Amino acid sequence: MTIEAILNLDIGGPRINRHVYGHFAEHLGRCIYGGFYVGADSDIPNEGGIRLDVVDALRALGIPNLRWPGGCFADEYHWRDGIGPQDQRPVMVNTHWGGVEENNHFGTHEFMALCELLGAEPYISGNVGSGTVREMSDWVEYLTRDGDSPMARLRKANGRDQPWNVRFWGLGNEAWGCGGNMTAQHYAQEARRYGTYCRDYGDNKLYKIAAGANAEDYAWTETLMKQLGHLGCQHIRNTAYHALSLHYYTIPGTTWTNKGSATLFDTGEYYTTMAEAARIEQLIAGHAAVMDCYDPAKSVGLVLDEWGTWFDVEPGTNPGFLYQQNTLRDALVASLHFDVFHRHADRLVMANIAQTVNVLQAMILTDPDSKALVLTPTYHVFQMNQGHQDATSLRVDFRGELPSRPVGDATLTTVSVSASRKDGRLLVSLSNLDATDAADITIDLRGGAVRTVEALILTSQALQDHNTPQSPTAVVPRAHEGVSLSGGTLRVHLPAHSFVTVSGAL
Ligand code: AHR
């Protein structure tokens, strides 16, 4: 089947915020300890305990931001436990994730050093659930206040003279659940209160993000929008919060105890996964529509600060550690999400995949028994799509229907495309979700000339294929020959279950 599309190169849409390519690192399983942080005494090359091969791999993606310390962990984290000499820091129990002891060796200074090494902006989630307004307010002062003040003095005593820049600030996490089991009304008032005392010091301007809805809980979003006060009341927005979050995980199973295996799945389960992933379009559109009613100027941002696949843990691993392998299926879940993010660039200002290393849909898996590090198929999608960061989105229109297939009660469209332009280059991302059938697409390029094109493809023989320390390049991008440019027509061949990027000089 040949699909026909039209792409107007000269009609730019909103900018795709680079922060939709953001990441998330929680004190959970081996994400921080053994993932990002191995301790200064480790024989794995590190700087101040931070694993340098992980840093290099993420720098290569142009990682724009990193959310920390949770997740559920954020609402039981007390930042003062994580400063000062490491051997004097108190130990706590990580009640959410495996009941293991947390020695607090990775704290504020270590996280900020990690962000500096990565060249990424920090996104800190403060504790609303079990913390206090004062505790959160002090943390902002500790991090960002210059000059003489109690918290600035404490920071200096701990070895850091200059304040850091911290823009992204989360007011709790999942307040409807692990973040305090609050009602929307109660949390919205709490968010206004906590937000009020998170101050801007000097040039540091916080962008405060309220803990938003789970999946299709549109009422939660509406309550938070109402709490921002009457339209045009910029003062309340600036003191309370500037954005709302949203969480949505792709879970093919029917219950939490049977989410399905990350690697052992059949074609039916694959399509269920893709149909669940595709729901992100209607969810973002739905929450954006609610926000539009209260904020048609789109000044309040939507932040999808947890997304990705969630399968059963790998056999033999701690169920509380959420360690799962990552196959070509995960890569296609990611590529599909990014197309949706690009289409909703007018409202979606940030997104953070859960989670960067060793947890859920990870970019990087580190071997607990060796120094090996594996880049997952999902990593390669981030890499291939890097050119969309801060690019101008371009609309893609189709003639006729796109191929689709029924999946349960839903209909899964099996071809997904998005495009952008930046710095004289066009980037088109194309996913063919069909497990067995190839697709061909002809794109009529209008309003400009594309001089040359080159393409990369991420695919593999089986959807279940994945990378391991023994076979680290089983699923990696390769040059794609199935692309041609003639006059103003771009033709792309999409093999079954493949992700292709076409880059062209304008
Ligand atoms: O990412 C794992 C967990 O999922 C997070 O801690 C929580 O916010 C969500 O429920």
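Cut-off values and rules
- Residues numbered from 1 in each chain as written.
- Predicted model: local features only at pLDDT ≥ 70, side-chain atom pairs only at ≥ 80, totals over all residues.
- Heavy atoms only, no water.
- Pairing = 2+ DSSP bridges.
- Helix = DSSP H or I, 4+ residues; strand = E, 2+ residues; numbered from the N terminus.
- Contact = heavy atoms within 4.5 Å.
- Axes fitted to C-alpha atoms, helices over the stretch in contact; angles between N-to-C directions.
- Buried < 20%, exposed > 50% of the residue type's maximum accessible area, 1.4 Å probe, protein only.
- Polar contact = N/O pair within 3.5 Å; in protein donor to acceptor, adjacent residues only side chain to side chain.
- Domains from an automatic or database assignment.
- Buried area = accessible area lost by both parts, 1.4 Å probe.
- Salt bridge = Lys/Arg side-chain N within 4 Å of Asp/Glu carboxyl O.
- Nonpolar A, V, L, I, M, F, W, Y, C, P; charged D, E, K, R; others polar.
- Near = heavy atom within 4 Å.
- Areas by Shrake-Rupley, 256 points an atom, 1.4 Å probe, with all protein chains shown as cover.
- Core = buried A, V, L, I, M, F, W, Y, C linked by side-chain atoms within 4.5 Å.
- Disulfide = S-S within 2.5 Å.

Asks: Pulling in residues and values, what's your account of the sheet that holds strand E16 (residues 392–399)?
Replies: Spatial ordering of the open sheet is given by E23-E22-E26-E20-E19-E16-E1-E21-E25-E24, a layout of ten strands whose pairing is mixed. Looking at strand neighbours, the two that pair on one side only are strand E23 (478–479) and strand E24 (483–486), the edges of this open sheet. Judged from the two bridges that link them, strand E22 (residues 452–458) and E23 form a sheet pairing that is antiparallel. Bridge pairing in E23 links leucine 456 to alanine 479. The strands touched by helix H9 (residues 328–343) are E16, strand E19 (415–422), strand E20 (425–432), E22 and strand E26 (498–505); relative to E19, the strand with the most contacts, the crossing angle is about 55 degrees. Across the sheet, helix H10 (residues 377–384) touches E20, E22 and E26, and the angle it forms with E22 is around 165 degrees.

Asks: Please give an account of the side chain of aspartate 434 that cites residues and values.
Replies: Mapping aspartate 434 onto the fold places it in the loop between E20 and strand E21 (439–446). Assessed through its relative accessible area of 8%, aspartate 434 is described here as buried. Reaching out from aspartate 434, the side chain makes a polar contact with the backbone nitrogen of aspartate 437 at a distance of 2.9 Å. Setting aside anything within four residues of it in sequence, one finds aspartate 434 in contact with Tyr271, Arg405, Thr414, Ala496 and His497.

Asks: I'd love a proper account of the pairing of strand E17 (residues 404–407), names of residues and values included.
Replies: Strand direction decides the pairing type here: E17 and strand E18 (residues 410–413), joined by four bridges, are antiparallel. Following the sheet pairing, proline 406 is matched in E18 by threonine 411. Hairpin geometry of E17 and E18 is characterised by an intervening segment of two residues between the two adjacent antiparallel strands and by a positive phi of about 60 degrees at glycine 408.

Asks: Help me get a handle on the domain arrangement of the protein chain, residues and values and all.
Replies: When the parts of a complex come together, some accessible area is lost, and that lost area is often taken as the interface size. Splitting the protein chain by domain gives domain 1 (2–10 + 393–505) and domain 2 (16–390). Each of domain 1 and domain 2 was reduced to a C-alpha centroid, and the two centroids are 29 Å apart. With 39 residues of domain 1 at the contact, the number on the domain 2 side is 38 residues. For the pairing of domain 1 and domain 2, the buried interface totals around 3000 Å² over both sides, and the portion due to carbon and sulfur atoms is 67%. Where domain 1 meets domain 2, there are zero salt bridges. For the interface between domain 1 and domain 2, the tally reads 20 residue pairs in polar contact (both at pLDDT 80 or more). Among the secondary structure elements, those contributing two or more residues to the side of domain 1 that touches domain 2 are E17, E19, E20, E22 and E26. Examining the composition of the side of domain 1 that touches domain 2, we find that six residues originate from one element, E19, more than from any other. Within the side of domain 1 that touches domain 2, the residues separate by chemical class into 18 nonpolar, 17 polar and four charged.

Asks: An account of the sheet that holds strand E13 (residues 348–354) is requested, with residue identities and associated values reported.
Replies: The strands making up a sheet are joined through hydrogen bonds of the backbone, oriented either antiparallel or parallel. Spatial ordering of the closed barrel is given by E2-E5-E8-E9-E10-E11-E12-E13, a layout of eight strands whose pairing is parallel. In this sheet, adjacent strand axes meet at a mean angle of 30 degrees when their direction is disregarded. Sheet topology note: the strand E2 (residues 22–24)/E13 ladder contains three bridges and is parallel. The residue of E13 that forms the bridge with phenylalanine 24 is alanine 354.

Asks: Can you explain the site of the ligand? Please cite residues and give values.
Replies: Every one of the 13 residues lining the ligand counts as a neighbour, but Glu26, Cys72, Glu174, Tyr249 and Glu306 are closest to it. Cysteine 72 places a main-chain nitrogen or oxygen 2.8 Å from an oxygen atom of the ligand. Contact distances for the ligand include 2.7 Å between an oxygen atom and a side-chain N or O atom of glutamate 306. Relative to its free-state accessible area of 280 Å², the ligand is covered by the protein chains to the extent of 93%. For the shell around the ligand, a count of residues per class yields seven nonpolar, three polar and three charged.

Asks: Before we move on, can you summarise the nonpolar core with the specific residues and values?
Replies: Grouped together as the largest cluster of nonpolar side chains are 119 residues, with contacts concentrated most on Phe36, Trp169, Leu171, Tyr187, Tyr241 and Phe341. Shared between two domains, this core takes at least three residues from each, and those domains are domain 1 (2–10 + 393–505) and domain 2 (16–390). Ignoring any residue separated from it by four or fewer positions in sequence, one finds phenylalanine 36 in contact with Ala25, Cys31, Gly49, Ile50, Arg51, Val54, Leu58, Leu66, Leu114, Thr356 and Val357.

Asks: Tell me about the state of the cysteines, residues and numbers included.
Replies: Applying the stated criterion across every chain, the model contains one disulfide. The side chain of cysteine 72 participates in a disulfide bridge whose partner is cysteine 178; the two sulfur atoms lie 2.2 Å from each other. Its torsion about the S-S bond being -85 degrees, the disulfide of cysteine 72 and cysteine 178 is classed as left-handed. Highlighted residues: cysteine 72 in the loop between strand E5 (65–68) and strand E6 (92–94) and cysteine 178 in the loop between strand E9 (168–171) and helix H5 (184–196), separated in sequence by 106 residues.

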